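Residue-level listing of the chains:
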Amino acid sequence: MHQTDISRAQTLGADLRALRKARGLTLADLADSLGRSVGWLSQVERDLSEPSISDLRQIAEQLGVPMSLLFGHASALADEQGYVVRAGARRPMGSGEEGLIEELLSPDLTDDFEVIHSTFRPGSRMQSPAQRPTQEVGYILSGRLELSIGTRHFSVGPGDSFRFRGEPYSWANPHDTPCVAIWVIAPPVY
């Protein structure tokens, strides 16, 4: 990858494009739902136009991501962008509802996958099963997690890993300690 390609991948526009494509939306689809022109959205994705806070709020809502995900692009040192994510500079993911705290370990969302650091608070659980068109692998660092994948139920702990591919899934941490996991998702969904 050339230096210009690397710096290009570290932009808000590149992340927006990756999120839009991961959801199977065309420029026209998203522009229409935002009440904006395809040209404007194309310029935003190419970093030729800067969206307002109101625009970002609408974009985040349409893409189903927290607005906080769209910030934090300048937290890495210039020579580390695209390569290193420091522990204190991880971008928050998700809403934190249901007791799940997620942070992006990947430098951005432009790869074919994303890596997430997930902390499941004690007593937390998904309110209803989810299903998404992804392949996902998790690795438990600490604590325990109860998983349902399709019709199967599993209890996983430190050193255990798991995978699911488009099946309905849910999780719960009915235990007294947090569960910490590394989650790899392809394609990126945040």
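Reading across from one edge, S4-S9-S6-S7 is the order of the four strands in this open sheet, with antiparallel pairing throughout. Strands with a single pairing partner mark the edges of an open sheet, and in this sheet they are strand S4 (124-125) and strand S7 (152-156). Sheet topology note: the strand S6 (residues 145-149)/strand S9 (residues 169-173) ladder contains four bridges and is antiparallel. Within S9, the position partnered with Glu146 by the bridge is Ala172.

For the rest of this paragraph, the subject is the packing of aromatic side chains. Scanning all chains against the criterion turns up six aromatic pairs. On the basis of an interplanar angle of 45° and a centroid distance of 6.1 Å, the ring pair of Phe120 and Trp183 is categorised as tilted. Residue Phe120 is located in strand S3 (residues 114-120), and its partner Trp183 is located in strand S10 (residues 179-186); the two are separated by 63 residues in the primary sequence. Across the pair, exposure class does not vary: Phe120 and Trp183 are buried alike. Lying across the ring of Trp40, Arg36 places its NZ or CZ 4.0 Å from the centre.

Reading guide: rules and limits
Residues numbered from 1 in each chain as written. Predicted model: local features only at pLDDT ≥ 70, side-chain atom pairs only at ≥ 80, totals over all residues. Heavy atoms only, no water. Pairing = 2+ DSSP bridges. Helix = DSSP H or I, 4+ residues; strand = E, 2+ residues; numbered from the N terminus. Phe/Tyr/Trp six-rings, centres within 6.5 Å; stacked < 30°, edge-to-face > 60°. Buried < 20%, exposed > 50% of the residue type's maximum accessible area, 1.4 Å probe, protein only. Lys NZ or Arg CZ within 6 Å of the ring centre and 35° of its normal.

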